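Read off the chains here:
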Amino acid sequence: MNRNEKRTVKEEKMPNQEYKSHVRVHPIYHYVLQILLLGTLITTIVFLVRSINQEENILLSVILFLMVLIMIIVAVLLRFYPLKAQDRAIRAEENLRSYILTGELLDARLSIAQVVALRFASDKELPALSKRAAMENLKPDEIKKAITNWRADHNRI
């Protein structure tokens, strides 16, 4: 079995992707962690306000509040940095794909968000849709809705 056959077998196991089903959610991050962080933030704010009103444990409540802020910043950065790296990889991949299909790189006017949306376009649709997206400054959501033959991306979260 060669690489393409392996890829085909793997892709057959994955559900079909389209505009309505392309968003991926990681439940532990998107639900559990965010709810826990929100609950902890609210709790530390209540503790801080009570400490100030009672004039007790103010230093402790400030330290706890700052620690929660640090945890929130870390959680945001843990999501943000890998997405930025994926965006750079997607731009490179889509530039290569465009070059292979047309002999030209993608239009420099396309934002990274537009390029990320264009990755779902089939090889037949990519050249025309990328030109249209650059000319009309289509929003990423408009680009995705304009795709008729969806090209799945199961690797991005």
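Residues numbered from 1 in each chain as written. Predicted model: local features only at pLDDT ≥ 70, side-chain atom pairs only at ≥ 80, totals over all residues. Heavy atoms only, no water.

Focus: helix H2 (residues 27-54)
Taking 1.5 Å of rise per residue, the 28 residues of H2 would be expected to cover 40 Å, and the 39 Å separating its terminal C-alpha atoms lies within 8% of that figure. Bending of H2 peaks at approximately 25° at the position of Leu33. Of all the residues in H2, the buried ones are Tyr29, His30, Leu37, Leu41, Thr44, Leu48 and Ser51. Packed against the buried residues of H2 are helix H3 (58-102). Note on H2: the residue one or two positions beyond its end, Glu55, has a positive phi of about 55°. (Helix = DSSP H or I, 4+ residues; strand = E, 2+ residues; numbered from the N terminus. Expected span 1.5 Å × (residues − 1). Bend = angle between axes of the 7 residues up to and from the residue. Buried < 20%, exposed > 50% of the residue type's maximum accessible area, 1.4 Å probe, protein only. Contact = heavy atoms within 4.5 Å.)

As for the pattern of salt bridges
Considering all chains together, one arrives at seven salt bridges under this definition. The closest approach of N and O atoms between Arg151 and Glu94, which form a salt bridge, is 3.5 Å. Of this pair, Arg151 sits in the segment after helix H6 (140-146) while Glu94 sits in helix H3, and the two are 57 residues apart along the sequence. Between Glu136 and Arg132 there is a salt bridge, with its nearest N and O atoms 3.4 Å apart. With a gap of four residues between them, Glu136 and Arg132 both fall in helix H5 (residues 126-136), about one helical turn apart. According to the relative accessible area criterion, Glu136 is partly exposed, its value standing at 48%. The exposure class assigned to Arg132 is partly exposed, which follows from its relative accessible area of 37%. Through salt bridges with shared partners, one network takes in Glu94, Arg97, Asp123 and Arg151. (Salt bridge = Lys/Arg side-chain N within 4 Å of Asp/Glu carboxyl O.)

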